[in-house]
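Here are the chains, one letter per residue:
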Amino acid sequence: MNNQKVILITGCSSGFGLLAAVRLASQGHFVWATMRDLKKRQALEKELVKRKSQAKVRELDVTKPSTIKNVVDEIKKTHHHIDVLINNAGYGIAGFFEDLSQDDIRAQMETNFFGVQNVCREVIPMMREQKKGKIINISSIAGQTAMPCLGAYNASKWALEAFSESLYHELGLFGISVVLVEPGAYPTSIFTRNADYGKNFNDPHSPYFAFSQKLNSVAQKNISKHKRNPDDVACLIERIVDNPRPRLRYVSDFSSWSRMMAQKILPPSLATRIFRRFIYANK
(Lines give C-alpha, C1' and ligand atoms only; values in the text may rest on other atoms or scores of the structure.)
Protein backbone atom coordinates (compact mmCIF):
# COMPACT_ATOMS: atom_id res chain seq x y z
CA MET A 1 0.00 0.00 0.00
CA ASN A 2 1.54 3.30 -1.14
CA ASN A 3 -0.61 5.56 0.99
CA GLN A 4 -0.07 4.02 4.40
CA LYS A 5 -1.15 6.26 7.24
CA VAL A 6 -0.25 6.27 10.91
CA ILE A 7 -3.56 6.14 12.76
CA LEU A 8 -4.28 6.39 16.49
CA ILE A 9 -7.70 5.13 17.63
CA THR A 10 -9.14 5.23 21.15
CA GLY A 11 -11.77 2.87 22.55
CA CYS A 12 -10.90 -0.22 20.51
CA SER A 13 -12.04 -2.98 22.87
CA SER A 14 -15.46 -3.15 21.18
CA GLY A 15 -17.94 -1.41 18.89
CA PHE A 16 -16.99 1.17 16.29
CA GLY A 17 -13.42 1.46 17.57
CA LEU A 18 -12.72 -2.26 17.20
CA LEU A 19 -14.34 -2.43 13.76
CA ALA A 20 -12.55 0.68 12.48
CA ALA A 21 -9.19 -0.53 13.79
CA VAL A 22 -9.53 -3.90 12.07
CA ARG A 23 -10.81 -2.42 8.82
CA LEU A 24 -8.05 0.19 8.60
CA ALA A 25 -5.36 -2.30 9.59
CA SER A 26 -6.59 -4.67 6.88
CA GLN A 27 -6.02 -1.88 4.35
CA GLY A 28 -2.36 -1.71 5.31
CA HIS A 29 -2.38 1.33 7.57
CA PHE A 30 -0.22 1.52 10.69
CA VAL A 31 -2.92 1.33 13.34
CA TRP A 32 -2.37 2.03 17.01
CA ALA A 33 -5.45 0.55 18.63
CA THR A 34 -5.87 1.64 22.23
CA MET A 35 -8.19 0.80 25.08
CA ARG A 36 -8.52 1.52 28.78
CA ASP A 37 -8.29 -2.12 29.90
CA LEU A 38 -5.94 -4.41 27.99
CA LYS A 39 -7.69 -7.42 29.53
CA LYS A 40 -10.40 -6.73 26.94
CA ARG A 41 -8.09 -6.99 23.94
CA GLN A 42 -9.08 -10.55 22.96
CA ALA A 43 -12.00 -9.58 20.70
CA LEU A 44 -9.83 -7.11 18.79
CA GLU A 45 -6.95 -9.54 18.40
CA LYS A 46 -9.33 -12.27 17.23
CA GLU A 47 -10.69 -10.01 14.46
CA LEU A 48 -7.19 -8.94 13.44
CA VAL A 49 -6.18 -12.57 13.03
CA LYS A 50 -9.33 -13.27 11.05
CA ARG A 51 -8.48 -10.40 8.67
CA LYS A 52 -4.80 -11.39 8.59
CA SER A 53 -3.91 -7.92 9.82
CA GLN A 54 -1.73 -6.36 12.50
CA ALA A 55 -2.07 -3.41 14.85
CA LYS A 56 -0.21 -2.07 17.83
CA VAL A 57 -2.47 -2.58 20.86
CA ARG A 58 -1.75 -0.25 23.76
CA GLU A 59 -3.30 0.87 27.03
CA LEU A 60 -4.80 4.36 26.91
CA ASP A 61 -7.33 5.85 29.31
CA VAL A 62 -8.58 9.17 27.96
CA THR A 63 -9.14 10.41 31.53
CA LYS A 64 -5.48 9.77 32.44
CA PRO A 65 -3.16 12.09 30.47
CA SER A 66 -0.04 10.07 31.39
CA THR A 67 -1.32 7.05 29.44
CA ILE A 68 -2.05 9.26 26.43
CA LYS A 69 1.42 10.76 26.52
CA ASN A 70 3.02 7.32 26.71
CA VAL A 71 1.31 6.17 23.52
CA VAL A 72 1.86 9.40 21.59
CA ASP A 73 5.54 9.44 22.57
CA GLU A 74 5.89 5.86 21.31
CA ILE A 75 4.26 6.81 18.01
CA LYS A 76 6.64 9.78 17.68
CA LYS A 77 9.62 7.55 18.34
CA THR A 78 8.44 4.90 15.88
CA HIS A 79 7.04 6.94 12.99
CA HIS A 80 8.02 10.56 13.72
CA HIS A 81 4.54 11.66 12.67
CA ILE A 82 0.84 10.89 12.98
CA ASP A 83 -1.67 11.20 10.14
CA VAL A 84 -5.05 10.45 11.71
CA LEU A 85 -6.51 10.57 15.21
CA ILE A 86 -9.87 8.86 15.75
CA ASN A 87 -11.42 9.82 19.08
CA ASN A 88 -13.86 6.99 19.62
CA ALA A 89 -13.62 6.21 23.35
CA GLY A 90 -16.86 6.99 25.13
CA TYR A 91 -19.96 5.60 26.77
CA GLY A 92 -23.54 6.59 27.48
CA ILE A 93 -25.24 6.78 30.84
CA ALA A 94 -29.04 6.60 30.93
CA GLY A 95 -31.22 8.31 33.48
CA PHE A 96 -33.54 11.25 33.96
CA PHE A 97 -31.73 14.23 35.48
CA GLU A 98 -33.03 13.63 39.01
CA ASP A 99 -32.01 9.98 38.81
CA LEU A 100 -28.43 10.93 37.99
CA SER A 101 -25.92 11.84 40.65
CA GLN A 102 -23.45 14.68 40.17
CA ASP A 103 -20.72 12.03 39.97
CA ASP A 104 -22.65 10.26 37.18
CA ILE A 105 -22.77 13.46 35.13
CA ARG A 106 -19.17 14.50 35.78
CA ALA A 107 -17.88 11.04 34.84
CA GLN A 108 -19.82 11.21 31.57
CA MET A 109 -18.27 14.56 30.68
CA GLU A 110 -14.78 13.46 31.76
CA THR A 111 -14.75 10.63 29.23
CA ASN A 112 -16.88 11.86 26.32
CA PHE A 113 -15.76 15.50 26.28
CA PHE A 114 -12.67 16.20 28.36
CA GLY A 115 -11.21 12.84 27.32
CA VAL A 116 -11.31 13.93 23.67
CA GLN A 117 -9.62 17.19 24.59
CA ASN A 118 -6.94 15.33 26.55
CA VAL A 119 -5.99 13.26 23.50
CA CYS A 120 -6.15 16.26 21.17
CA ARG A 121 -3.75 18.21 23.42
CA GLU A 122 -1.08 15.56 22.91
CA VAL A 123 -1.62 15.02 19.18
CA ILE A 124 -2.32 18.49 17.78
CA PRO A 125 1.19 19.93 18.31
CA MET A 126 2.67 17.14 16.17
CA MET A 127 0.07 17.62 13.44
CA ARG A 128 0.55 21.39 13.54
CA GLU A 129 4.31 21.00 13.01
CA GLN A 130 3.59 18.65 10.10
CA LYS A 131 1.05 21.16 8.72
CA LYS A 132 -1.28 18.27 7.98
CA GLY A 133 -3.40 15.69 9.73
CA LYS A 134 -6.95 14.58 10.35
CA ILE A 135 -8.94 14.35 13.59
CA ILE A 136 -12.13 12.28 13.46
CA ASN A 137 -14.36 12.65 16.51
CA ILE A 138 -17.06 10.02 16.94
CA SER A 139 -20.06 11.98 18.14
CA SER A 140 -23.71 10.89 17.87
CA ILE A 141 -27.03 11.99 16.48
CA ALA A 142 -27.58 12.77 20.19
CA GLY A 143 -25.22 15.68 19.60
CA GLN A 144 -27.81 17.18 17.24
CA THR A 145 -31.15 16.17 18.81
CA ALA A 146 -31.66 15.54 22.52
CA MET A 147 -33.57 12.63 24.05
CA PRO A 148 -35.17 12.29 27.47
CA CYS A 149 -33.36 9.97 29.87
CA LEU A 150 -30.06 10.72 28.12
CA GLY A 151 -29.44 14.26 29.32
CA ALA A 152 -25.86 13.68 30.48
CA TYR A 153 -24.95 11.83 27.27
CA ASN A 154 -26.66 14.48 25.14
CA ALA A 155 -24.76 17.23 26.95
CA SER A 156 -21.42 15.49 26.44
CA LYS A 157 -22.04 15.09 22.71
CA TRP A 158 -23.37 18.63 22.24
CA ALA A 159 -20.20 19.88 23.93
CA LEU A 160 -18.13 17.68 21.62
CA GLU A 161 -19.97 19.06 18.59
CA ALA A 162 -19.30 22.68 19.56
CA PHE A 163 -15.67 22.00 20.43
CA SER A 164 -15.09 20.12 17.17
CA GLU A 165 -16.68 22.83 15.04
CA SER A 166 -14.52 25.47 16.69
CA LEU A 167 -11.44 23.26 16.27
CA TYR A 168 -12.37 22.76 12.60
CA HIS A 169 -11.88 26.49 12.01
CA GLU A 170 -8.81 26.81 14.25
CA LEU A 171 -6.84 23.91 12.84
CA GLY A 172 -7.80 24.64 9.24
CA LEU A 173 -5.14 27.37 9.51
CA PHE A 174 -2.53 24.60 9.68
CA GLY A 175 -3.93 22.18 7.09
CA ILE A 176 -5.52 19.90 9.68
CA SER A 177 -9.02 18.51 9.03
CA VAL A 178 -11.53 17.99 11.84
CA VAL A 179 -14.51 15.70 11.21
CA LEU A 180 -17.57 14.68 13.23
CA VAL A 181 -19.20 11.29 12.67
CA GLU A 182 -22.78 11.20 14.00
CA PRO A 183 -24.14 7.64 14.24
CA GLY A 184 -27.63 6.75 15.36
CA ALA A 185 -28.38 3.72 17.52
CA TYR A 186 -26.49 0.59 16.47
CA PRO A 187 -26.39 -2.84 18.15
CA THR A 188 -23.04 -2.42 19.85
CA SER A 189 -22.00 -3.22 23.42
CA ILE A 190 -22.89 0.31 24.55
CA PHE A 191 -26.47 -1.00 24.76
CA THR A 192 -25.63 -4.40 26.26
CA ARG A 193 -22.68 -5.37 28.45
CA ASN A 194 -21.29 -1.81 28.52
CA ALA A 195 -24.65 -0.18 29.25
CA ASP A 196 -24.47 2.25 32.16
CA TYR A 197 -27.37 3.58 34.21
CA GLY A 198 -27.79 6.45 36.65
CA LYS A 199 -27.72 5.98 40.38
CA ASN A 200 -31.53 5.78 40.70
CA PHE A 201 -32.44 4.51 37.24
CA ASN A 202 -33.80 1.21 38.57
CA ASP A 203 -35.23 2.60 41.79
CA PRO A 204 -39.00 1.85 41.81
CA HIS A 205 -39.49 4.82 44.14
CA SER A 206 -38.19 7.25 41.54
CA PRO A 207 -40.94 9.45 40.04
CA TYR A 208 -39.41 8.63 36.64
CA PHE A 209 -39.20 4.87 37.12
CA ALA A 210 -42.08 3.89 34.80
CA PHE A 211 -40.86 6.26 32.08
CA SER A 212 -37.20 5.21 32.26
CA GLN A 213 -38.07 1.50 32.09
CA LYS A 214 -40.39 2.09 29.14
CA LEU A 215 -37.84 4.19 27.28
CA ASN A 216 -35.20 1.53 27.84
CA SER A 217 -37.56 -1.09 26.40
CA VAL A 218 -38.40 1.13 23.41
CA ALA A 219 -34.70 1.73 22.72
CA GLN A 220 -33.88 -1.98 22.78
CA LYS A 221 -36.82 -2.79 20.48
CA ASN A 222 -35.85 -0.09 17.98
CA ILE A 223 -32.25 -1.30 17.86
CA SER A 224 -33.43 -4.86 17.19
CA LYS A 225 -36.00 -3.69 14.66
CA HIS A 226 -33.69 -1.58 12.51
CA LYS A 227 -30.80 -4.06 12.61
CA ARG A 228 -28.23 -1.51 11.50
CA ASN A 229 -24.79 -2.92 10.83
CA PRO A 230 -22.09 -1.25 12.99
CA ASP A 231 -19.54 -2.05 10.30
CA ASP A 232 -21.28 0.57 8.12
CA VAL A 233 -19.89 3.20 10.50
CA ALA A 234 -16.42 1.65 10.22
CA CYS A 235 -16.74 1.84 6.43
CA LEU A 236 -17.70 5.50 6.70
CA ILE A 237 -14.67 6.17 8.90
CA GLU A 238 -12.47 4.46 6.30
CA ARG A 239 -13.86 6.68 3.54
CA ILE A 240 -13.19 9.77 5.65
CA VAL A 241 -9.62 8.62 6.30
CA ASP A 242 -9.11 8.26 2.53
CA ASN A 243 -10.84 11.54 1.65
CA PRO A 244 -8.30 14.38 1.23
CA ARG A 245 -10.99 17.03 1.79
CA PRO A 246 -13.67 15.71 4.14
CA ARG A 247 -16.53 17.90 5.28
CA LEU A 248 -17.16 18.71 8.92
CA ARG A 249 -20.17 16.44 9.63
CA TYR A 250 -21.29 13.00 8.52
CA VAL A 251 -24.57 11.40 9.68
CA SER A 252 -24.16 7.65 9.29
CA ASP A 253 -27.72 6.49 8.58
CA PHE A 254 -30.87 7.75 6.88
CA SER A 255 -33.13 7.32 9.91
CA SER A 256 -30.96 9.59 12.03
CA TRP A 257 -30.66 12.11 9.20
CA SER A 258 -34.46 12.15 8.83
CA ARG A 259 -34.94 12.72 12.55
CA MET A 260 -32.46 15.57 12.56
CA MET A 261 -34.01 17.24 9.49
CA ALA A 262 -37.55 16.87 10.85
CA GLN A 263 -36.55 18.71 13.99
CA LYS A 264 -35.02 21.52 11.92
CA ILE A 265 -37.83 21.84 9.36
CA LEU A 266 -41.04 21.22 11.33
CA PRO A 267 -42.55 23.91 13.58
CA PRO A 268 -41.17 23.29 17.12
CA SER A 269 -44.61 22.62 18.64
CA LEU A 270 -45.47 20.03 15.98
CA ALA A 271 -42.05 18.37 16.21
CA THR A 272 -42.45 18.16 19.99
CA ARG A 273 -45.89 16.54 19.79
CA ILE A 274 -44.73 13.95 17.27
CA PHE A 275 -41.59 13.24 19.26
CA ARG A 276 -43.37 12.78 22.59
CA ARG A 277 -46.09 10.65 21.05
CA PHE A 278 -43.46 8.34 19.59
CA ILE A 279 -41.35 8.17 22.73
CA TYR A 280 -43.96 7.86 25.41
CA ALA A 281 -46.73 6.03 23.52
CA ASN A 282 -44.49 3.58 21.66
CA LYS A 283 -45.64 -0.01 22.21
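Calculation notes
Residues numbered from 1 in each chain as written. Predicted model: local features only at pLDDT ≥ 70, side-chain atom pairs only at ≥ 80, totals over all residues. Heavy atoms only, no water. Pairing = 2+ DSSP bridges. Helix = DSSP H or I, 4+ residues; strand = E, 2+ residues; numbered from the N terminus. Right-handed = clockwise from strand over helix to strand, strands pointing away. Axes fitted to C-alpha atoms, helices over the stretch in contact; angles between N-to-C directions. Core = buried A, V, L, I, M, F, W, Y, C linked by side-chain atoms within 4.5 Å. Buried < 20%, exposed > 50% of the residue type's maximum accessible area, 1.4 Å probe, protein only. Contact = heavy atoms within 4.5 Å.

## Some points on the pairing of strand β3 (residues 56-59)
Point 1. Across four bridges, the pairing between strand β2 (residues 30-35) and β3 is parallel. Bridge pairing in β3 links Ala-33 to Val-57.
Point 2. Tracing the backbone out of β2, into helix α2 (residues 42-50) and back to the parallel element β3 gives a crossover that is right-handed.

## Some points on the sheet that holds strand β6 (residues 133-138)
Point 1. Reading across the sheet, the seven strands line up as β3-β2-β1-β4-β6-β7-β9 and stay open at both edges, with parallel pairing between neighbours. Each edge of the sheet is formed by a strand with only one pairing partner; in this case those strands are β3 and β9 (249-251). Across the sheet, the axes of successive neighbouring strands diverge by a mean angle of 20 degrees, strand direction being ignored.
Point 2. The sheet contact formed by strand β1 (residues 6-9) and β2 spans four bridges and is parallel. Paired with Val-6 across the bridge in β2 is Phe-30.

## Describing the nonpolar core
Side chains of nonpolar character tend, in soluble globular proteins, to be buried together.
Point 1. In this structure, Leu-8 and Ile-135 are the most contacted members of the largest nonpolar core, which totals 30 residues.
Point 2. For this core, the elements supplying multiple residues, two or more each, are β1, α3 (65-79), α4 (102-130), α5 (151-171) and β7 (176-182).
Point 3. If one sorts the elements of this core by residue count, α4 sits on top with nine residues.
Point 4. Residues within four places of Leu-8 in sequence aside, it is in contact with Trp-32, Thr-34, Val-71, Val-72, Ile-75, Ile-82, Val-84, Leu-85, Ile-86, Val-119 and Val-123.
Point 5. Counting 29 residues, the second largest nonpolar core, distinct from the first, contains Leu-18, Ala-25, Met-35 and Leu-44.

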